Each structure stands twice: as structure tokens, then as C-alpha cells.
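Examining the three-dimensional arrangement
Spelled out, the chains give:
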Amino acid sequence: MSISHTYGPGKFGLSFELFPPKTPAGEQEMFRHLEHLMAFRPSYVTCTYGAGGSTRDKTLDIVTQARRRFGVPVASHLTCVGSTVDELRAYLAEAAERGVDHIVALRGDPPRGETNFRPVEGGLRYASELVDLVRREFGQFGIAVAGYPETHQEAVSPQADLENLRRKVEAGGDIVITQLFYVNDDFFRFRERCWQLGIRAPIVPGILPVTNLAQIQRITSMCGAHLPAQLSKALSAAEDDADRQFEAGIAFATGQVQELVDAGIPGLHFYVLNKSPATTAVLRGVRLPAASA
Ligand code: FAD
């Protein structure tokens, strides 16, 4: 099924994002957690693509295994970082050969310590160019692109960032998956502005439940997401108790997701971080539209 058919009237798309584990033991653990998550019958499972293509083979390996073990459609993330167009083509050809269903087409971040993204010679500068490549030469893939409810950190303005998103969709992006966020009003404003700009692709919220205090610092430094004081306070109040921190984080995420569902989102994308308890607790706590049950 094409990725856009996952969403739409009477449907609700659910996707889970993994990352390539560093060790065989980590990989085993990840698949154990994924097996639990399969109870929610996701529409597809994705795996990230590491900085500089460092996880190139691993990403393909994880999605191929997930497809084989669970019969679930899969998406490989792919970035422009460190690759020429010919190398990107070779990756896409191999993904097609292995039966990968969709591509999450991204530019990627500049290497650590650098603030500006510089393409390699013969490479691509923006995700929109990658979308264009995939659409023109690998028409069988569904394509997801990244959207930023709080605006991408390098964008010259929110408007320029939205116009870039429109470019990615016009180039062939079927759906938009958002960066994680914790203030639903940021998402609602972003969605409204996308609609005003004529972006008609399904806009799927990216959700990462925060379940401990240490995560807050990491999330803020990683993507600059704004964390509501209410969430930080609830986690701080449970400072010495990991279980209570988990419960506080889940209570917040469940409320956040329920409000999004009630506001008519087409689906949910969970950054599951290779684990199942947080996503399971949230999904058990929300009332999803009937089609997804
Ligand atoms: P782009 O859409 O190319 O945008 C990058 C910046 O350039 C933006 O500021 C944009 O406004 C600006 N821009 C774009 N086009 C133009 C133009 N023509 N003129 C001027 N400015 C322009 N990273 C990984 O390394 N691996 C992953 O697997 C991965 N998965 C992700 C999954 C999701 C759902 C999301 C939301 C992010 C993911 N990322 C991943 C992070 C992503 O790579 C970074 O956020 C990156 O900095 C931007 O990627 P992009 O695809 O949004 O880039």
C-alpha cells in the first residue's frame, strides 16, 4: 500500500521509528521490544540513517529484518550527508531490491562541530532535491518528509521554512512527519499555516514521550524543542523516583496525544527509541479513532 493510502478518511496511520543499535545484544533487545509494539498493528516501521551514512548498511538491515520477521511495511530514512548522487542512487536501488516500501527523505544535520551544512561534491544540498531524485527515478517508493512545528533551527524565518516544506511536497513528498514537540498549539499553528500555503499532504505528529529528567536536557540540546514548565515540574517533583518520573511523563504524553487525536490528526509517528514501555503505555491510555483499532 502506498504511504499516503495509510492515512485518509476512515483510516489512522500508526508508525514507529527505530534507530540502528550499536551491538548485537542491543539489536536483540530492540526486536524484542518491536515484537511487543506489533500488538498495535502499525502501518509501517522506520529506521533512522546515521550521520555521514555511518549506519548505511545497518539501517537497511534493520528494516529488512523487521519486514521479514513481522510482515510489516518498512521505511528507510536516508540523508544527503556525505553522499554523492550516485551513492544515493545505489542505496535506493538496494533498498528497492530488498523490498523496502518507503523512504523518509532528509537532508541530515551538519557534522558535529559545524554549523553549516555543506554537500559533498556531486551531492545534494536540500531534502527537496533528494525527494526529486527518489520521485523521478524510484517511483515505487512512498516518500515522507520532515516538518518543523517550531521551525527548523537553520531556517531564515518560519515562512521560509514552510515554503521549503511546500517545495518538498511539490517535489513528490507524500506525507509530512513532524519533529517532536510538546506544545500542541505549536503543531496546530504549523498545520494551519501549511494548509494556508496549500500543503495538502497528511501532516503526522512525531511523538517522543519524555519519561525521565535526563531526557529533557538531551531533547532540548538535540532539536531545541520547547518543553512546557508543567512537564518539567512534574518530572522534577519525582526527582528521586524513576517509576514516578515515568508515570508523570506518560500522563503528560497521553494528554498531549489525546488532544491531537481529538483535533483530527491523520496518524501518529512514535520515536520509540528502540523500547516499548512508553509507547505502549501511551497507546493504551488514549482513545484512537475506530479505524486504527
Ligand atoms: P531540508 O528540508 O533540506 O531543510 C534544511 C534547512 O534548509 C531548513 O532550515 C530549511 O528551511 C532550509 N532550506 C531548505 N531548502 C532551502 C532553499 N531552497 N533555500 C534556502 N533554505 C532552504 N537526521 C538524520 O541524520 N538521520 C535521520 O534518520 C533523521 N530522521 C529524521 C526524521 C524526522 C521525522 C525528522 C523530523 C528529522 C530527522 N532527522 C534525521 C533530522 C534532520 O536530518 C535534520 O533536522 C536536518 O537538519 C534537516 O533535514 P531536512 O530534511 O528537514 O532538511
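Below is a summary of the structure that appears in this document. (Residues numbered from 1 in each chain as written. Predicted model: local features only at pLDDT ≥ 70, side-chain atom pairs only at ≥ 80, totals over all residues. Heavy atoms only, no water.)

1. Here we look at helix H9 (residues 242–262)
Across its 21 residues, H9 extends 30 Å between first and last C-alpha, which sits within 8% of the 30 Å expected from 1.5 Å per residue. The complete set of buried residues in H9 reads Gln245, Ala248, Gly249, Ile250, Phe252, Ala253, Thr254, Gln256, Val257, Gln258, Leu260 and Val261. The inward-facing, buried residues of H9 abut helix H6 (184–196), strand S7 (203–207), helix H7 (213–223), helix H8 (229–237), strand S8 (267–271) and helix H10 (277–285). Its side-chain oxygen placed 3.0 Å from the backbone nitrogen of aspartate 243, aspartate 241 serves as the N-cap of H9. Of the residues one or two after H9, glycine 264 is the one with positive phi, at around 80°. (Helix = DSSP H or I, 4+ residues; strand = E, 2+ residues; numbered from the N terminus. Expected span 1.5 Å × (residues − 1). Buried < 20%, exposed > 50% of the residue type's maximum accessible area, 1.4 Å probe, protein only. Contact = heavy atoms within 4.5 Å. Polar contact = N/O pair within 3.5 Å; in protein donor to acceptor, adjacent residues only side chain to side chain.)

2. Notes on the packing of helix H3 (residues 85–97) against helix H4 (residues 127–137)
Packed helices, taken two at a time, are described by the angle their axes make and the gap between the axes. With their axes 11 Å apart at the nearest point, H3 and H4 run at an angle of 50° to one another. As far as their axial angle goes, H4 and H3 are oblique. At the point where H3 passes H4, the crossing takes the right-handed sense. Within the contact between the two elements, H3 uses Val85, Leu88, Arg89 and Leu92 and H4 uses Leu130, Leu133, Val134 and Glu137. (Axes fitted to C-alpha atoms, helices over the stretch in contact; angles between N-to-C directions. Parallel < 35°, antiparallel > 145°, perpendicular 65-115°, else oblique. Left-handed = near helix turned anticlockwise from the far one by under 90°.)

3. Examining the sheet that holds strand S6 (residues 175–180)
Sheet architecture is closed into a barrel: 8 strands sit in the order S1-S2-S3-S4-S5-S6-S7-S8, paired in parallel fashion. Each neighbouring strand pair of the sheet contributes to a mean axis angle of 25°, computed without reference to strand direction. Bridge analysis of S6 against S7 gives 3 bridges, and the strand direction is parallel. Within S7, the position partnered with valine 176 by the bridge is isoleucine 203. (Pairing = 2+ DSSP bridges.)

4. Regarding H7
Those residues of H7 not exposed but buried are Gln215, Ile216, Ile219 and Cys223. In an axial view of H7, the angular spread of the buried residues amounts to 110°, which keeps them on one side of the axis. Exposed residues lying more than 90 degrees from the buried face of H7 are Gln217, Arg218 and Ser221. Contacts made by the buried residues of H7 are with S6 and H8. Its side-chain oxygen placed 3.2 Å from the backbone nitrogen of alanine 214, asparagine 212 serves as the N-cap of H7. (Arc of directions from axis to C-beta.)

5. Considerations on the pattern of salt bridges
Here the structure, examined in full by the defined rule, presents 14 salt bridges. Residues aspartate 86 and arginine 89 are paired through a salt bridge, measuring 2.7 Å at the closest nitrogen-oxygen approach. A residue pair is termed a helical-turn pair when its members lie 3 or 4 positions apart in one helix, as aspartate 86 and arginine 89 do in helix H3 at 3 residues. Given a relative accessible area of 29%, arginine 89 falls into the partly exposed group. (Salt bridge = Lys/Arg side-chain N within 4 Å of Asp/Glu carboxyl O.)

6. Topic: the side chain of glutamine 245
Mapped onto the secondary structure, glutamine 245 falls in helix H9. A polar contact is formed between the side chain of glutamine 245 and the backbone oxygen of glutamate 239, at a distance of 2.9 Å.

7. Brief notes about the site of the ligand
Close to the ligand lie 23 residues, the nearest being Tyr49, Asp109, Tyr148, His152 and Asp161. The side chain of tyrosine 126 places a nitrogen or oxygen atom 3.5 Å from a nitrogen atom of the ligand. Note that an oxygen atom of the ligand is positioned 2.7 Å from one of the side-chain N or O atoms of tyrosine 148. Look at the ligand: alone it shows 990 Å² of surface, and the protein chains cover 85% of it. Listing elements by their share of the shell around the ligand, those giving two or more residues are strand S3 (74–79), helix H5 (158–170) and S6. A per-element tally of the shell around the ligand places H5 first, with 4 residues. Looking at the shell around the ligand, its residues break down into 9 nonpolar, 8 polar and 6 charged. (Near = heavy atom within 4 Å. Areas by Shrake-Rupley, 256 points an atom, 1.4 Å probe, with all protein chains shown as cover. Nonpolar A, V, L, I, M, F, W, Y, C, P; charged D, E, K, R; others polar.)

8. Concerning the pairing of strand S5 (residues 142–147)
The buried count for S5 comes to 6 of 6 residues, which makes it a mostly enclosed element. Where strand S4 (residues 102–106) and S5 come together, 3 bridges link them in parallel fashion. Each residue of the ladder has a partner; that of histidine 102, found in S5, is glycine 142. Relative to S6, S5 is paired through 4 bridges, and the arrangement is parallel. By the bridge assignment for S6, glycine 147 is matched with threonine 178. Since S5 and S6 lie parallel, the crossover through H5 that links them has a hand, and here it is right-handed. (Right-handed = clockwise from strand over helix to strand, strands pointing away.)

Bear in mind that shape data such as this cannot, by itself, settle questions of function.
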